Structures are given as C-alpha cells and as structure tokens.
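Summary of the model geometry
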Amino acid sequence: MTINICDFTLFSKSANYHSTYHLYEDSSLERLDAQDDVLEIHFIEMKKFIQAWHEDKVNPLDDVLVRWLLLLGMVDARKQRVYDEIYKELEELAMKDDRLLEAFTAWEELSQTPETVIAYHSRLKATWDHELSLRHAKEEGIEEGIEESKKETIRNGYENGVDVTTLALLTGYGEEKVKAIIASFA
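First things first, this report covers the structure right here in the doc. (Residues numbered from 1 in each chain as written. Predicted model: local features only at pLDDT ≥ 70, side-chain atom pairs only at ≥ 80, totals over all residues. Heavy atoms only, no water.)

**Remarks on the nonpolar core**
Within the largest apolar cluster, 24 residues are counted, with the highest numbers of intra-cluster contacts made by Y17, F49, L70, M74, I86, L90 and F104. Counting only elements with at least two residues in this core, the list comes to α1 (46-54), α2 (64-73), α3 (84-94), α4 (98-111) and α5 (114-159). Beyond its immediate chain neighbours, meaning those up to four positions away, Y17 contacts F43, I44, E45, K48, F49, A52, V58, D63, V66 and L69. Counting 7 residues, the second largest nonpolar core, distinct from the first, contains L167, A168, I181 and I182. (Core = buried A, V, L, I, M, F, W, Y, C linked by side-chain atoms within 4.5 Å. Buried < 20%, exposed > 50% of the residue type's maximum accessible area, 1.4 Å probe, protein only. Helix = DSSP H or I, 4+ residues; strand = E, 2+ residues; numbered from the N terminus. Contact = heavy atoms within 4.5 Å.)

Next comes the structure, spelled out in structure tokens:
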C-alpha cells in the first residue's frame, strides 16, 4: 500500500480529501481479479482535510485515519507553525487512544523546545489532576450518601421500635456505633 500525502489541491474535481485508486490493464481497461487486486494508491490532500476538520465534517472520535491525519497536519513546516486548535484536540483524543498517546508523546519529545515540553506536561498534569479531583469528589459524595442513608435507616428503625442489634445488622455498623448515632438524634 502506498500513501501519498499532499499539501496542495491535486484532484480539484473531487471534494474528498482522501482518494483511493486501483490499477487496471491498459488495453482492456479491466481491473485484476479481486484476489489479485492487492495494490491501492491513496492520496490524502491535507489542505482539503484541514478545511473539512475546521468545518466539522470529520469526526476524529469515530475515524482512526482522521486522528492520525490530525497528528500529521498539526505542524505546517512551510509556515513554521503548530496549529494550537489541532494540538488541543489531539491532547484530548490521546487520552482515549493509547497508540495515539504514544505517538503524540514521541512527537512532543522530538519536536518541542524544553519550555514547550514543560508547558505541555503542566497542562497534562492539570488535566489529570482535575479529572482525579472530580472522580474523588464523586466517590466521596457516594460514600457520604451511603452514610446518610444508614443514619436515616437507624433513625427510622429506632423511631419504629427496632432494637439496636437489628439496626447494627441492617447497617453493618457495630452496636456501639448504632448507639452513638441514636444518641446524636436527641
């Protein structure tokens, strides 16, 4: 398989950024038999691809080719520019695609100055810290909800004459803790 990545408009009649071609026999204009037809030529026009991405016509979450093309299209060597909006989207996508994360990390290490590597790692750490704090808050909230539910069970049971031993069995608390919770209601 051959892939040619172009940064100019090669096929002006085609609106697609990705074109695939197969070989045929010149005199008969027939393609090979299906089992022998193993050669494809792919042309990817980066200018059309980047335009389609800006217009939200491609979805990197659903298409692995789009993710990899974003990685390739993130840097415009002729303009000596890194497209920040692509960079930010790739950072998010890399969290969901291990192979893209590995390639993105390698690209980062090879192509960035020490200052930008530090900035990248700082943003990445901030993102991970934020996600971790959200997860922790959610888990803590669930635990607090369970504790409140157990206290409410003890309150309702106590008010309806359920003995301390049964309340301890229902909540998983020891009898001393159940007694302390009952005492806090007074």
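Once the structure has been displayed, the description carries forward.
**Side note on a negative patch on the surface**
A surface patch of negative charge is lined by E139, E140, E143, E144, E147, E148, E152 and E159. Within the secondary structure, E143 sits in helix α5. Since its relative accessible area comes to 52%, E143 is described here as exposed. (Patch = residues over 30% accessible without salt bridge, like charges linked within 9 Å, V, L, I, M, F, W, Y side chains within 5 Å. Areas by Shrake-Rupley, 256 points an atom, 1.4 Å probe, with all protein chains shown as cover. Salt bridge = Lys/Arg side-chain N within 4 Å of Asp/Glu carboxyl O. Lys, Arg positive; Asp, Glu negative; His and termini not counted. Charge placed at Lys NZ, Arg CZ, Asp CG, Glu CD.)

**So, the pattern of salt bridges**
Under the criterion given, the structure shown has 6 salt bridges. For the salt bridge of D97 with R67, the shortest nitrogen-to-oxygen distance reads 2.9 Å. Placement of D97 in the loop between α3 and α4 and of R67 in helix α2 is noted, with a sequence separation of 30 residues between them. On the accessibility criterion, D97 (11% relative accessible area) is buried. Between E176 and K179 there is a salt bridge, with its nearest N and O atoms 3.8 Å apart.

**Some points on helix α7 (residues 175-185)**
Here α7 has its buried residues at V178, I181 and I182. The buried residues of α7 occupy an angular sector of 100° when projected down its axis, which confines them to one face. Residues E176, A183 and S184 are exposed on α7 and point more than 90 degrees away from its buried face. (Arc of directions from axis to C-beta.)

**Here we look at the environment of L100**
With respect to the secondary-structure elements, L100 resides in helix α4. Remark: the alpha-carbon pair of L100 and W68, spanning 32 residues in sequence, is separated by 7.5 Å. Apart from residues no more than four positions distant in its own chain, L100 is found in contact with R67, W68, L71, L90, L93 and A94.

**Let's talk about the packing of aromatic side chains**
Between two aromatic rings, the relevant description is the distance of the centres plus the angle of the planes. Applying the stated criterion to the full structure yields 2 aromatic pairs. Measuring from centroid to centroid gives 5.1 Å for Y17 and F49, while their planes differ by 65°, and the two rings are edge-to-face. Within this pair, whereas Y17 is found in the loop between β1 (2-6) and β2 (18-22), its partner F49 is found in helix α1, the two being separated by 32 residues in sequence. The residues Y17 and F49 share a single accessibility class, namely buried. (Phe/Tyr/Trp six-rings, centres within 6.5 Å; stacked < 30°, edge-to-face > 60°.)

**Regarding the packing of α1 against α2**
For the pair α1 and α2, interaxial distance at closest approach is 11 Å and the crossing angle is 110°. In terms of orientation, α1 lies roughly perpendicular with respect to α2. The element α1 and its partner α2 pack so that their crossing is left-handed. Across the interface between the two elements, M46, F49, I50 and W53 from α1 touch V66, L69, L70, L72 and G73 from α2. Its residues placed into classes, the contact of α1 with α2 shows 8 nonpolar, 1 polar and no charged. (Axes fitted to C-alpha atoms, helices over the stretch in contact; angles between N-to-C directions. Parallel < 35°, antiparallel > 145°, perpendicular 65-115°, else oblique. Left-handed = near helix turned anticlockwise from the far one by under 90°. Nonpolar A, V, L, I, M, F, W, Y, C, P; charged D, E, K, R; others polar.)

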